Every structure is written in C-alpha cells, then in structure tokens.
Amino acid sequence: MRRIKEPEIRKSEILDAAQKLFAEKGYAKTTVTDILNVHGLSKGVFYYYFKSKEEVMDAIIKRIIDREAAGMEKIAADSKMTYRQKLFAVLMGQGLSEENKKDKEAMIEQFHVPENAEMHQKSLTQSVKRLAPVISEIIIQDRNFTTDYPQETVELFLAASSFIFDKGLFQWNDEELSRRVAAFVEMVEKTLDAPKGYLEGIKNLIT
C-alpha cells in the first residue's frame, strides 16, 4: 500500500525529479510522463499540484531564486561584516550552497536554448523582483552610497547586468568584456555617488 505523503513533500519530490531531468535531458525533451516515472506517480497526482510542465519549470525557477534570496538575507543580517563585504558577498553568490549553485547553473544552460527564451525572460524578471529588495537594503545602510531610489536603482542595475553580461546572448572577447565591465562599474559608482574605485572589485566578479 502506497504511503500517503504530506502535500509539500510530494510537491517537492516532483520538482526534484523534474529539475534533474531538465538538466540531464533538457526541458524540451522531458515529458510529464518522464517526470511521473521517477516516483511511479499517476497523472492525477501530477495535475493535482501542477497544470503543466511549464508550471513545473516556473516553480523550479522560483525555488532556486527563493533559496538565493534567503542566502543573501542571511549575509545582509551578518553584523560581523561591513556593508561593502556584504555587497560583494551577495554578488559572488556566497549565500548559495554548492548544490544550489550547480542547480542554478544547470537551469541557466536550459535558458540559453532558443525555444526556452520565454522561460529565460521569466527567470530574469523573477530574479530582479526577488533579489533587488535584499541588495537595496545593503545599499541603504552603506553611507558611501547616496540615492533617493535605492530599490529602483538596483533593479535597473540587475536588469542591465543580467542582459549585457549574459554569455548566452553576447560572446564578448576579453577586451570587449573588460571595457563593458569598467563602464558598468563606473556607471554604478556615479549613480550611487560612491567614491571612485569603491566598487572596483566587481570587475573580478564578472570577468
């Protein structure tokens, strides 16, 4: 007799199975049946939690971003770190475990497949909306920055950097990338009225 599991546990199992299959086979080649076969589930169980494979991917993206945001929030609350250290730590993704980093990288690979362009767009939108509030709190507390629109400014920076530094969209050579990174850092410093060179370390995070 099949043991009845808590709804959140069952839902998480479906997401785990789908995420693994998307990374191994690709989103387009993975079917709902493939996902169900991992745990021997019926279609009724699947459709109780999700309306479609697309909704499963949306949930996976949200879960990855929520974990990233939780890690950032933990860093932002660390009283032993300076605001500058916090900012660089969140930008380096130090709040993510190695497993979560691998999950994120695997999903990013799927986003660069042409037919997954809409999925890519959704992930960028969710990232900006979820992560900007956390980063803007650090900006607000750091007196080296001055802006009347901290969250909106961070949203613009995240959107711009996510697009221009996306290796799946642009194949910059080393010199081209270096110039754009330098321009980005200069733009951020000037917009936030920060001391020149205050964010120099960002260059090493991108290049």
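Right, let's walk through the structure included here.

Conventions adopted
- Residues numbered from 1 in each chain as written.
- Predicted model: local features only at pLDDT ≥ 70, side-chain atom pairs only at ≥ 80, totals over all residues.
- Heavy atoms only, no water.
- Helix = DSSP H or I, 4+ residues; strand = E, 2+ residues; numbered from the N terminus.
- Expected span 1.5 Å × (residues − 1).
- Buried < 20%, exposed > 50% of the residue type's maximum accessible area, 1.4 Å probe, protein only.
- Arc of directions from axis to C-beta.
- Contact = heavy atoms within 4.5 Å.
- Axes fitted to C-alpha atoms, helices over the stretch in contact; angles between N-to-C directions.
- Parallel < 35°, antiparallel > 145°, perpendicular 65-115°, else oblique.
- Left-handed = near helix turned anticlockwise from the far one by under 90°.
- Salt bridge = Lys/Arg side-chain N within 4 Å of Asp/Glu carboxyl O.

## Some points on helix α8 (residues 150-164)
- The end-to-end C-alpha separation of α8 is 21 Å, in line with the 21 Å expected for 15 residues at 1.5 Å each.
- Within α8, the full set of buried residues consists of P150, T153, V154, F157, L158 and S161. The arc that holds the buried residues of α8, viewed along the axis, is 135°, so those residues lie on one side.
- Check the buried side of α8 and you find it contacts α7 (117-141) and α9 (174-191).

## Quick look at the packing of helix α4 (residues 53-76) against helix α6 (residues 98-111)
- Interhelical geometry of α4 versus α6 gives an angle of 140° and a closest axis separation of 11 Å. Taken as axis vectors, α4 and α6 run oblique relative to one another. In this structure, α4 meets α6 at a crossing whose hand is left-handed. For the pair α4 and α6, the contacting residues are M57, I60, I61, I64, R67 and E68 in the first and N100, D103, K104, M107 and F111 in the second.

## Some words on α9
- An ideal rise of 1.5 Å per residue puts 26 Å on 18 residues; α9 measures up with 26 Å between its terminal C-alpha atoms.
- On its buried side, α9 packs onto α8 and α10 (202-206).

## A short note on the pattern of salt bridges
- In total, this model carries 11 salt bridges according to the counting rule given.
- Here K104 makes a salt bridge to E68, at a shortest N to O gap of 2.9 Å. One end of the pair, K104, is in helix α6; the other, E68, is in helix α4, with 36 residues separating them in the sequence.
- Assessed through its relative accessible area of 8%, E68 is described here as buried.
- Residues participating in the shared-partner salt-bridge network are K62, D66, E73 and R130.

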